[in-house]
Amino acid sequence: VLHTLPASRIVSSAMTRPEPLLLRVPVDGGALALWDWHTAGTEEAIIVLVHATGFHARCWDEVVRHLPVTFRCLCFDMFGHGRSDTQPIDEISWRPVAVALLAALTAVKLKPQDISVLAGH
């Protein structure tokens, strides 16, 4: 589902985005840190942002600050990064990252179809 917003809804000067809430989400193998940028009652879209290897979730701060406050933005610290637990590496692939991310989304009561945008770098 592609969300299209009228230009008047893209930037709202009437509302400012609060600082994110840090959650520790238990998943198989440890806990992931989740930075939840959410203004209650304004959830128009859910954006999930994933950092690259060697970074952490807060590298998305400036991007999130430029998005409408009506967008709930979830930024995860993947295992071994930021404030998440470390985990032994059994394989070098994106599969464990996808499995952990899906488990974390499930833990915060979200399903893949709830996500409007999933982006990474």
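Residue positions are given per chain, counted from 1 along the sequence in the order it is written. Given that this is a predicted model, residues contribute local features only at a pLDDT of at least 70 and side-chain atom pairs are listed and counted only at 80 or more, while totals for whole chains, interfaces and linings are drawn from all residues. Only hydrogens and water are set aside when side-chain values are computed; all heavy atoms of the structure are taken into account.

A. Spotlight on the pairing of strand S3 (residues 45-50). Only protein chains enter the accessibility calculation, which uses a 1.4 Å probe; a residue whose area is less than 20% of its type maximum is buried, one above 50% is exposed, and one in between is partly exposed. Strands here mean DSSP runs of E at least two residues long; helices mean DSSP runs of H or I at least four residues long; both are numbered from the N terminus. Counted residue by residue, S3 has six buried out of six residues, so it is predominantly covered. Burial along S3 is two-sided: Ala45, Ile47 and Leu49 and Ile46, Val48 and Val50, pointing in opposite directions, are all buried. If DSSP finds at least two bridges between two strands, the strands pair. Two elements, S3 and strand S4 (residues 71-77), share six bridges in a ladder whose sense is parallel. Along S4, the bridge assignment pairs isoleucine 47 with cysteine 73. Taken together, the four bridges between S3 and strand S5 (residues 117-120) define a ladder with parallel strand orientation. Following the sheet pairing, leucine 49 is matched in S5 by alanine 119.

B. Main features of helix H3 (residues 95-107). If you check H3, its first and last C-alpha atoms are 18 Å apart, about what 13 residues at 1.5 Å a residue would give, namely 18 Å. Restricting attention to buried positions, one finds in H3 the residues Ala100, Leu101, Ala104 and Leu105. Relative to the axis of H3, the buried residues are bounded by an arc of 135 degrees and lie together on one face. Contacts were defined at the residue level, with two residues in contact if any of their heavy atoms lie within 4.5 Å. Those residues of H3 hidden inside the fold are in contact with strand S1 (21-27), strand S2 (30-37), S3, S4 and S5. Immediately beyond the C-terminal end of H3, within one or two residues, lies lysine 109, with a positive phi of roughly 65 degrees. Under the convention used throughout, the expected extent of a helix is 1.5 Å for every residue step, that is, one less than its residue count. To be clear, the arc concerns the directions from the helix axis to the C-beta atoms.

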